[in-house]
Amino acid sequence: MSKIPKNTILSKQRLAKATYEFWIDNALVAENAKPGQFVIIRTSEKGERIPITIADTQENAFRIVVKAVGKSTIELCMKNAGEQLYDIVGPLGKPSEIDCYGDVLIIGGGVGIAAILPIAKALKNAGNKVRVILGAKTSTELILQDEFSFADKLVICTDDGSEGIKGTVVDGMMEEFNLENPNVIWSVGPAPMMKATSMIAAQYGIPIWVSLNAIMVDGTGMCGGCRVLIRKEENGVTKEEIKYVCVDGPEFDGRYVDWESFIRRLQQYKEEEQKALERFLEEVGDISWL
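One structure accompanies this document, and this report is about it. None of the values given here were measured: they were computed from a predicted structure. (Residues numbered from 1 in each chain as written. Predicted model: local features only at pLDDT ≥ 70, side-chain atom pairs only at ≥ 80, totals over all residues. Heavy atoms only, no water.)

1. A word on the sheet that holds strand β1 (residues 9–16)
Moving on, step 1. Taken in spatial order, the four strands of this open sheet run β1-β2-β6-β5, and their pairing is antiparallel. At either end of the open sheet lies a strand with only one pairing partner, and these are β1 and β5 (56–58). Looking at each pair of strands side by side, their axes are set apart by 25° on average, direction ignored.
Moving on, step 2. Here three bridges tie β5 to strand β6 (residues 61–67), and the two strands are oriented antiparallel to one another. Of the residues in β6, the one forming a bridge with Thr-57 is Phe-62. (Pairing = 2+ DSSP bridges. Helix = DSSP H or I, 4+ residues; strand = E, 2+ residues; numbered from the N terminus. Axes fitted to C-alpha atoms, helices over the stretch in contact; angles between N-to-C directions.)

2. A look at the packing of helix α5 (residues 191–204) against helix α7 (residues 259–266)
Moving on, step 1. Their axes nearest at 11 Å, the elements α5 and α7 cross at an angle of 175°. Looking at the two axes, α5 sits roughly antiparallel to α7. Between α5 and α7, the contacting residues are Ala-191, Met-194, Lys-195, Ser-198 and Met-199 on the first element and Trp-259, Glu-260, Phe-262, Ile-263 and Leu-266 on the second.
Moving on, step 2. In terms of residue class, the contact of α5 with α7 is made up of seven nonpolar, one polar and two charged. (Parallel < 35°, antiparallel > 145°, perpendicular 65-115°, else oblique. Contact = heavy atoms within 4.5 Å. Nonpolar A, V, L, I, M, F, W, Y, C, P; charged D, E, K, R; others polar.)

3. Here's the deal with the packing of aromatic side chains
Moving on, step 1. One pass over the full model with this rule turns up five aromatic pairs.
Moving on, step 2. Summarising the aromatic geometry, the rings of Phe-177 and Tyr-204 are spaced 4.6 Å apart at their centres and angled 90° between planes, so their arrangement reads as edge-to-face. Of this pair, Phe-177 sits in helix α4 (residues 169–179) while Tyr-204 sits in helix α5, placing them 27 residues apart in sequence.
Moving on, step 3. Relative to Phe-262, the ring of Trp-259 has its centre 6.0 Å away and its plane inclined at 85°; by these criteria the two rings are edge-to-face. Here Phe-262 and Trp-259 lie together in helix α7, a separation of three residues that amounts to about one turn. There is no split in this pair, since Trp-259 and Phe-262 are both buried.
Moving on, step 4. Aromatic rings pair up to connect Tyr-101, Trp-186 and Trp-209 into one cluster. (Phe/Tyr/Trp six-rings, centres within 6.5 Å; stacked < 30°, edge-to-face > 60°. Buried < 20%, exposed > 50% of the residue type's maximum accessible area, 1.4 Å probe, protein only.)

4. With respect to empty space enclosed by the protein
Moving on, step 1. By the definition in use, this model includes one cavity of 30 Å³ or more.
Moving on, step 2. Each pocket or cavity is described by its volume, and for the largest cavity that value is around 60 Å³.
Moving on, step 3. As for the largest cavity, its lining consists of Ala-214, Ile-215, Gly-225, Cys-226, Arg-227, Phe-262, Arg-265, Leu-266 and Gln-268.
Moving on, step 4. When residues of the lining of the largest cavity are assigned to their parent elements, the largest contribution, three residues, is made by α7.
Moving on, step 5. Counted by class, the lining of the largest cavity contains five nonpolar, two polar and two charged residues. (1 Å grid on protein atoms, 1.4 Å probe; cavity = no way out; pocket = protein on both sides within 12 Å on 5 of 7 lines; lining within 4 Å. Points joined across faces, edges and corners; volume = space filled by probe spheres on them.)

5. As for the packing of α4 against α5
Moving on, step 1. It is at 10 Å that the axes of α4 and α5 come closest, and there the two elements cross at 20°. As judged from the angle between their axes, α4 and α5 are roughly parallel. Classified by chirality, the crossing of α5 by α4 is right-handed. Residue-level inspection shows Val-169, Val-170, Met-173, Met-174 and Phe-177 of α4 in contact with α5, the latter providing Met-193, Ala-196, Thr-197, Ile-200, Ala-201 and Tyr-204. (Left-handed = near helix turned anticlockwise from the far one by under 90°.)

6. Considering the pairing of strand β12 (residues 184–188)
Moving on, step 1. Of all five residues that make up β12, five are buried, and the element is covered over most of its length.
Moving on, step 2. Burial along β12 is two-sided: Val-184, Trp-186 and Val-188 and Ile-185 and Ser-187, pointing in opposite directions, are all buried.
Moving on, step 3. In terms of strand pairing, strand β8 (residues 103–109) meets β12 through five bridges, oriented parallel. Along β12, the bridge assignment pairs Ile-107 with Ser-187.
Moving on, step 4. Pairing between β12 and strand β13 (residues 208–211): three bridges, direction parallel. Among the inter-strand pairings, Ile-185 is bridged to a residue of β13, identified as Ile-208.

Shape is all these values report; function is a separate question.
Next comes the structure, spelled out in structure tokens:
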């Protein structure tokens, strides 16, 4: 039996400013996780529950990539190898629908690149032609691009043009559409990015799976915090349905997500989150080193 306690951070690596990779000891998650699934992590007993997509597994450990954007993710990124996380629940959510679709376009933005990596690998192993578009603000914020060497084509987009196409993943997406339309798309990243790529996919009538990063508490569908409105037109009739990201997702066809309400829900605790962050920074001081 391993002498290392469960949920111990085995290793930590800085991938970009305020963005860290962690390998965490947890055999249950490692043995059962499938592409697209996530875990919920607490760093302390009273800590916020943080949903994070599983980026990889290896023997008794799993990998996550975290960007420090608020109090809880900063607390997590301040943890070091050898420290133990308070608890981890998972793997949660439905796995990605991996199949042989033919030509698949994979789009990853920001820290969403880590989330989409295992999906892209699984789709390639299923026999698909896999074209990958990765985007970041600058080349220094671009992560894990070397791990997409299996892709049939890799396109890089940076907002400032420091690497690849100068522009967003939407610009890269349109260039790929000019060459050939894919059969299906996966798009994972910030909500506005997933919304923009979903709008284009809708124009072309191409399915697009997005992984929604909703506010979540229990991860079992009981709290309702992660509900999302799905709206479809069928035979001239608009049908609306409430789904829960934690148990019905996290992946949904982005063409049918009500993006306005989803993004509005992401902002509902913004004021409380800012106050919590300000109090936390008063305690820990300067974090510009992250």
